[in-house]
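Given next are the chains, with one letter for each unit.
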Number of protein chains: 4
Amino acid sequence: MRGIDASIRIGGGGTQAGAHQLSTEQGVKVIGVASTIDNDLGGSDRTIGFDTACNTALEAMDRLRDTAASYGRIFFVEVMGRDTGIHRHAHGIAAGAEYVMVPERRENVNELVSVLENRSKEKGSCIVVVAEGDEEGGAFKLAAEVGKRCPQFDIRVSVLGHLQRGGSPTMADRLLAARLGAAAVEGLIAGKHNCVVGIVNGAITFTPHAKAIAQKKMIEPDLIRLLAMLAV
Amino acid sequence: MRGIDASIRIGGGGTQAGAHQLSTEQGVKVIGVASTIDNDLGGSDRTIGFDTACNTALEAMDRLRDTAASYGRIFFVEVMGRDTGIHRHAHGIAAGAEYVMVPERRENVNELVSVLENRSKEKGSCIVVVAEGDEEGGAFKLAAEVGKRCPQFDIRVSVLGHLQRGGSPTMADRLLAARLGAAAVEGLIAGKHNCVVGIVNGAITFTPHAKAIAQKKMIEPDLIRLLAMLAV
Amino acid sequence: MRGIDASIRIGGGGTQAGAHQLSTEQGVKVIGVASTIDNDLGGSDRTIGFDTACNTALEAMDRLRDTAASYGRIFFVEVMGRDTGIHRHAHGIAAGAEYVMVPERRENVNELVSVLENRSKEKGSCIVVVAEGDEEGGAFKLAAEVGKRCPQFDIRVSVLGHLQRGGSPTMADRLLAARLGAAAVEGLIAGKHNCVVGIVNGAITFTPHAKAIAQKKMIEPDLIRLLAMLAV
Amino acid sequence: MRGIDASIRIGGGGTQAGAHQLSTEQGVKVIGVASTIDNDLGGSDRTIGFDTACNTALEAMDRLRDTAASYGRIFFVEVMGRDTGIHRHAHGIAAGAEYVMVPERRENVNELVSVLENRSKEKGSCIVVVAEGDEEGGAFKLAAEVGKRCPQFDIRVSVLGHLQRGGSPTMADRLLAARLGAAAVEGLIAGKHNCVVGIVNGAITFTPHAKAIAQKKMIEPDLIRLLAMLAV
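Novice: Hey, could you go over the overall build of chain A for me, with residue numbers and the actual values?
Specialist: In terms of helices and strands, chain A carries eight helices and eight strands. For chain A, the C-alpha atoms occupy an extent of roughly 65 × 30 × 30 Å along the three principal directions. Each of the 232 residues in chain A was classed as buried or not, and the buried ones make up 48%. When contacts within chain A are restricted to residue pairs at least 6 apart in sequence, those whose partners lie at least 24 apart make up 69%.

Structure follows, in structure tokens:
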């Protein structure tokens, strides 16, 4: 097509879906590089940008903790990463959050209220991590619901949103980008195409586009367990 | 009162109003230390926390610019500091913003739209700084208004809010805190009270509480002029 | 011993050697947690502190690049991590270094000079990463040697040393610490002792103290290859 | 000269001396913009880059304090700013240093040793700020002298050097740069030349090149006094 032998597409699910179409419909040889701060693309344990976005969010949450602790407040913090839950659990543990909303579990508003009532007495301040597009309606709706049940709480909401993006990349993201970039070029030379290059269990892997796009990442179970242990 | 000879009150307008009352109604000798990230208390050119909050906001805006430039977007960024306009102008200049909403000026939505139409063609991305509680209704309302008039724009809103607070203080804030803390103690010893200690034009000053609270800080006019020059 | 049932020792090689002795000589049940910014202890792919120290060093090297590029200088940067070479290669790739001294390879001063002569013409500035205790004698000695051979170079030396330590931990280090801390407690309860708990290929592992201490970490070969590709 | 009507020179003492020569010998209209991280040029209370370099140094010193406190060590930290002493006092106060070497005062090694003996007992760790080119010979020589007298101390040296340069500028530096840049252009248009533009006591000023270069900045006396008060 237009004299293009091959194309390397760097991006997340949307980009790779387009790359897949380009490959199957136009016959262009395409390799995708797994790159999204949401870490919700299959074919790589970590996608480029995830580590940087996590650390940016963590700095923000450390600052929110300063305010929460000073005033005895409860903060609902909305982070990116709707589907996978990886963001919110990683953030929750690293920031010492008292609760992380898990979309798969029902009834968790009741549990949340009960946890907040206990923790806020002991600690004075609490941080609750919510993902954007959470089925309870995001941080504002959830905070309103909790505020209605517990008028004694001094509640604030903070939406990280686009503030998680951009900035100078971390070491881990630079190394990942260097590895995947080199592997994409060498993969094309070696005849691979219509696949996503990533790192799985420490090794470079080439996953067919269709499979990488369809794959749903699961929260690592030990993160859920850890969170419960550490939030006490 | 309760064996208290004197009290040093560190905080902003609310804290100092309370300090004033304590002083006049209870007869306690009180010195206030001008400390608020909003920099909206009289009696000190800069209040403790302002420099740190400004730099935190600046880092966030630098990251938003990365995203805005990548996608050709227009970001409305809501910063703290309702009344003084100092925050928003300082942020606007330092972050290279294309426009800063000035509450005192009417008709500025028209001007804003006209600026955005010109700038977005040249630069691809724009950052508009809005203060919380702005009379046009804050960033979300303003963004909605602009979006209605200019459906071609790809608009995003980011509210810094509590994310401007907390964190490790800057050099300037630590020096200011050291200076004002020492001056408050020495002031009390020297017999001063019912006043706010601050730094005005480089010198330690003691301003009566009533005056410090009532004083309205004006935006430095050269900041408004600079912004217009640099945003071109 | 003194009513102590078990002990958890958090630290690097020295700490774990002491833990091993405590275990074998005093019969105390000990589990070690792999924690050193040098990442030179066996039993865990990454040790606690490594990711934070790497990112701190990276920020410093980004700043040195600003100066190197402004003045057309060659910087020799001495980083921690004498033995493993992991630090220096990771730093080198992430910082876009033009050369990384590899202790295992002889003759590399000649190669270094040749690389610098080529690169400095194209790029104007160069960064050379050296490990402390490097067999060529560290950054100062190496810089002096290169300066003698190439008097035309404007050379500076920067020793990161203790500046790599301390600071707020990254997300990756906080998660690693949470995982290893929980695993150490659960390991003791499950009857494990005289071992180091770490994460190898993504899974919690308990490695006998003697083995973890003796194990020599090798530079991942793809890092050496990547560095050569990217520095061109 | 070569069709150049006027020139704006951004830099410190060396740059401005060259600008002065260009102006007097070649008749070019020159305005200098006071810009050096050393803040040792006259004609402006603060020069562009000083605030950024100070905050970079402060972050480094906060990290060194983490290590010093963990191990009960004494750190000698060498910062930039040979002549003025402003750097070292500002850093010393902001970082909570236990001692700052003052070049003008004799006998201060004796005083230093006496302070360290007292402070290290109470606090366990100490930070001593030394300026590069200090007449006692810099941090390494001073540390060796103290180590000889007090073999019980666990002493480390850290040289910030070029690590203070570069990086993303702070809000204060960006505003200062915006103000001085605009003033330089407007000054030239208004007929001013052979001078340095700066901000003195909050107002834009144009100081003749010869005077700005010759002017020796003095440490603000209250900084010396504050340091003694706070280090207790």
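Moving on from the coordinates now.
Novice: Can you tell me about the interface of chain D and chain B, naming the residues and giving the values?
Specialist: If you look at the interface, chain D gives 23 residues, while chain B gives 23 residues. Of all the secondary-structure elements, those providing two or more residues to the side of chain D that touches chain B are α2 (50-71), α3 (86-94), α6 (171-189) and α8 (221-230) of chain D. If you tally residues by element for the side of chain D that touches chain B, the top one is α6(D), at seven residues. Of the residues assigned to the side of chain D that touches chain B, the class counts are 13 nonpolar, five polar and five charged.

Novice: For the nonpolar core, give the residues involved together with the corresponding values.
Specialist: Ranked by internal contacts, the top residues of the largest apolar core, which has 250 residues, are Val77(A), Val128(A), Val77(B), Val128(B), Val77(C), Val128(C) and Val77(D). When residues no more than four places from it in sequence are discounted, the contact partners of Val128(C) are Ile74(C), Phe75(C), Phe76(C), Val77(C), Ala97(C), Glu98(C), Tyr99(C) and Leu112(C).

Novice: Before we move on, could you go through the interface of chain C and chain A and cite the residues and values that matter?
Specialist: Counting from both sides, the interface comprises 23 residues of chain C and, opposite them, 23 residues of chain A. For the side of chain C that touches chain A, the elements supplying multiple residues, two or more each, are α2 (50-71), α3 (86-94), α6 (171-189) and α8 (221-230) of chain C. Partitioning the side of chain C that touches chain A into residue classes produces 13 nonpolar, five polar and five charged.

Novice: Can you break down the relation of the copies chain C and chain A residue by residue, with the values?
Specialist: Expressed as a screw transformation, the operator carrying chain C onto chain A has a rotation angle of 180 degrees and an axial translation of 0.0 Å, and the superposed copies differ by an RMSD of 0.0 Å. What the rotation and shift describe, once combined, is the action of a two-fold rotation axis. Ranked by how close their C-alpha atoms come to the rotation axis, the residues of chain C are headed by Asn201(C), at 3.0 Å. Looking at chain C, 100% of its interface residues are interface residues in chain A too, so the copies touch through the same face.

Novice: Would you mind going over the pairing of strand β8 (residues 203-208) of chain A in detail, with residue names and values included?
Specialist: Residues and elements named next belong to chain A. Two elements, strand β7 (residues 195-200) and β8, share six bridges in a ladder whose sense is antiparallel. Residue pairing across strands places Ile199 opposite Ile204, the latter belonging to β8. Once β7 ends, the chain turns through two residues before running back antiparallel as β8, passing Asn201 with a positive phi of about 50 degrees.

Novice: Tell me what's going on with the relation of the copies chain D and chain B, and back it up with residues and numbers.
Specialist: Rotating chain D by 180 degrees and translating it 0.0 Å along the rotation axis places it on chain B, where the RMSD comes to 0.0 Å. Looking at the interface residues of chain D, 100% of them are also at the interface in chain B, so both copies use one shared face.

Novice: Any chance you could break down the arrangement of the chains for me, citing the residues and the numbers?
Specialist: Nothing in chain B touches chain C; the tightest C-alpha to C-alpha distance between them is still 10 Å. You won't find any contact between chain A and chain D; their C-alpha atoms come no closer than 10 Å.

Novice: With reference to specific residues and values, describe the sheet that holds strand β2 (residues 29-34) of chain A.
Specialist: All names here are of chain A. What the four strands build is an open sheet, ordered β1-β2-β7-β8; its pairing is mixed. The two strands at the open ends of the sheet, each matched to only one other strand, are β1 (6-11) and β8. Recorded for the sheet is a direction-independent mean angle of 30 degrees between the axes of neighbouring strands. Bridge count for β2 against β7 is three bridges, and the pairing is parallel. Across the sheet, Val33 pairs through a bridge with Val197, a residue of β7.

Novice: Account for the pairing of strand β1 (residues 6-11) of chain B, naming residues and giving values.
Specialist: Residues and elements named next belong to chain B. Inspection of the sheet shows β1 paired to strand β2 (residues 29-34) by six bridges, in the parallel sense. Paired with Ile8 across the two strands is Ile31, which belongs to β2. Running through helix α1 (residues 13-26), the crossover from β1 to the neighbouring parallel element β2 is right-handed.

Novice: Describe the domain arrangement of chain A, naming the residues involved and giving the relevant values.
Specialist: Residues and elements named next belong to chain A. Here chain A is described as being made up of domain 1 (6-49 + 169-214) and domain 2 (51-166). Each of domain 1 and domain 2 was reduced to a C-alpha centroid, and the two centroids are 32 Å apart. Residue classes in the side of domain 1 that touches domain 2 are distributed as three nonpolar, three polar and four charged.

Novice: Please set out helix α3 (residues 86-94) of chain A residue by residue, giving values where relevant.
Specialist: Within α3(A), nine of the nine residues are buried, leaving the element largely enclosed by the surrounding structure. Every buried residue of α3(A) is listed here: Ile86(A), His87(A), Arg88(A), His89(A), Ala90(A), His91(A), Gly92(A), Ile93(A) and Ala94(A). In this structure, the buried side of α3(A) is in contact with α2 (50-71), β3 (74-79), β4 (99-100), β5 (126-131) and α8 (221-230) of chain A together with α6 of chain C. After α3(A) finishes, the residue Gly96(A) shows a positive phi value of roughly 65 degrees.

Novice: Residues and numbers for the sheet that holds strand β1 (residues 6-11) of chain D, please.
Specialist: Residue and element names in this part refer to chain D. If you walk across this open sheet you meet the four strands as β1-β2-β7-β8, and the pairing is mixed. Either end of the sheet is taken by a strand with one partner, and the two such strands are β1 and β8 (203-208). Strand-to-strand, the axes of this sheet are offset by a mean angle of 30 degrees, without reference to chain direction. Helix α1 (residues 13-26) contacts β1, β2 (29-34) and β7 (195-200) of the sheet and is inclined by roughly 165 degrees relative to β1. In the packing of α6 onto the sheet, the strands contacted are β1, β2, β7 and β8, and the crossing angle to β2 comes to about 165 degrees.

Novice: Talk me through unusual backbone geometry; I want residue IDs and the actual numbers.
Specialist: Residue and element names in this part refer to chain B. Of note, the phi angle at Asn194 is positive, near 50 degrees, even though the residue is not glycine. Examined against the element boundaries, Asn194 turns out to sit in the loop between α6 (171-189) and β7 (195-200). What makes Asn194 partly exposed here is the crowd of 19 C-beta atoms within 10 Å.

Novice: Could you give me a rundown of the environment of Gly161(D), with the residues and numbers involved?
Specialist: As for its position among the elements, Gly161(D) is in the loop between β6 (155-159) and α6. On a C-alpha basis, the gap between Gly161(D) and Asp51(D) in space is 16 Å, while along the polypeptide they are 110 residues apart.

Novice: Break down helix α2 (residues 50-71) of chain B for me, citing the residues and quoting the values.
Specialist: Along its 22 residues, α2(B) runs 31 Å from first to last C-alpha, staying within 8% of the 32 Å computed at 1.5 Å per residue. The first or second residue beyond α2(B) is Gly72(B), which carries a positive phi of 65 degrees.

Novice: Account for the packing of α3(A) against α8(A), naming residues and giving values.
Specialist: Residue and element names in this part refer to chain A. Where α3 contacts α8, the two axes come as close as 10 Å, and the packing angle between them is 30 degrees. By the angle class used here, α3 and α8 are roughly parallel. The two elements α3 and α8 meet at a crossing, and its hand is left-handed. Contacts between α3 and α8 pair His89, Ala90, Gly92 and Ile93 from the former with Leu223, Ile224, Leu226, Leu227 and Leu230 from the latter. Within the contact of α3 with α8, the residues separate by chemical class into seven nonpolar, two polar and no charged.

Novice: An account of the environment of Leu41(B) is requested, with residue identities and associated values reported.
Specialist: Residue and element names in this part refer to chain B. Structurally, the position occupied by Leu41 is in the loop between β2 and α2. For Leu41, a count of 26 C-beta atoms within 10 Å corresponds to the buried category. Separated by 110 residues in the primary sequence, Leu41 and Pro151 place their C-alpha atoms 40 Å from one another. Leave out the neighbours within four places in its chain, and Leu41 touches Gly12, Gly13, Gln16, Ala34, Thr36, Thr47 and Ala212.

Novice: I'd like a description of the environment of Ile74(C), backed by residues and values.
Specialist: Residues and elements named next belong to chain C. By the element assignment, Ile74 lies in strand β3 (residues 74-79). C-alpha separation for the pair Ile74 and Leu64, spaced 10 residues apart in sequence, amounts to 9.9 Å. Once you skip the residues sitting within four places of it in the chain, Ile74 turns out to touch Leu116, Ser120, Cys126, Val128, Phe153, Asp154 and Ile155.

Cut-offs used in this document
Residues numbered from 1 in each chain as written. Chains lettered and ligands numbered in written order. Predicted model: local features only at pLDDT ≥ 70, side-chain atom pairs only at ≥ 80, totals over all residues. Helix = DSSP H or I, 4+ residues; strand = E, 2+ residues; numbered from the N terminus. Buried ≥ 20, exposed ≤ 12 C-beta atoms within 10 Å, placed from the backbone. Contact = placed C-beta atoms within 7 Å. Nonpolar A, V, L, I, M, F, W, Y, C, P; charged D, E, K, R; others polar. Core = buried A, V, L, I, M, F, W, Y, C linked by C-beta atoms within 7 Å. Least-squares fit on C-alpha atoms with pLDDT ≥ 70 in both. Pairing = 2+ DSSP bridges. Axes fitted to C-alpha atoms, helices over the stretch in contact; angles between N-to-C directions. Right-handed = clockwise from strand over helix to strand, strands pointing away. Domains from an automatic or database assignment. Expected span 1.5 Å × (residues − 1). Parallel < 35°, antiparallel > 145°, perpendicular 65-115°, else oblique. Left-handed = near helix turned anticlockwise from the far one by under 90°.

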